[in-house]
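The lines below spell out each chain.
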Amino acid sequence: MTACEPLPAEPPNLPATMPDLPIPTWRDFQADFSLSAVIAGLVAVIVSYSSSIGLFVSAFSASHYSAAQSVSAMTGLYLGMAVIGAALSWRYRAPVIIGWITPGLAVIAQDGGRFTVPETVGALLASGVILTLIGYSGLYERLTRRIPGPIASALLAHNPSA
């Protein structure tokens, strides 16, 4: 493929949508449950979630959250992500980790002092609604499918020594 050729509409090896699986039952959960799956999930979540704790603390501090508000916000974030991630993982029988947009968190950490707590919370809720609408509209999927595989891999790779 040359640089001037248009990208294919859809990569040949990716499904267009999530598979329409039957809703799992309690028996399915019991059959799929294993200690190795639980440990793998815990390791993935601990590594994923703990990597941004310092950024959360900085963002809350810059936004003038009290200690109680910071703890409440962190608890709500982590419990919400855990419940949604577990529900989606169970529903689609695939590991799903719910996260956040780290650059947005960095912006809040840098400029959070300019806004009140209600303004910060309102902006986060509004961005969540907008991102959800973009996801449901299919626009996100259409845009990300146009990213060439090597570039997408490079974006997902993390090399702190580079």
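Residues numbered from 1 in each chain as written. Predicted model: local features only at pLDDT ≥ 70, side-chain atom pairs only at ≥ 80, totals over all residues. Heavy atoms only, no water.

Let us look at the overall build of the chain. The helix and strand inventory of the chain stands at eight helices and zero strands. Of the regular secondary structure in the chain, the N- to C-terminal order runs α-α-α-α-α-α-α-α. Relative to its full complement of 162 residues, the chain shows a buried share of 14%. When contacts within the chain are restricted to residue pairs at least 6 apart in sequence, long-range pairs at least 24 apart make up 71% of them. A total accessible area of about 12000 Å² is found for the chain, and carbon and sulfur atoms account for 71% of it. (Helix = DSSP H or I, 4+ residues; strand = E, 2+ residues; numbered from the N terminus. Buried < 20%, exposed > 50% of the residue type's maximum accessible area, 1.4 Å probe, protein only. Contact = heavy atoms within 4.5 Å. Areas by Shrake-Rupley, 256 points an atom, 1.4 Å probe, with all protein chains shown as cover.)

Our next topic: the packing of aromatic side chains. The final tally for this structure, using the stated rule, is five aromatic pairs. Taking 5.8 Å as the distance between ring centres and 45° as the angle between the ring planes, the aromatic pair formed by phenylalanine 29 and phenylalanine 33 counts as tilted. Assessed through its relative accessible area of 34%, phenylalanine 29 is described here as partly exposed. For phenylalanine 33, a relative accessible area of 51% puts it in the exposed group. (Phe/Tyr/Trp six-rings, centres within 6.5 Å; stacked < 30°, edge-to-face > 60°.)

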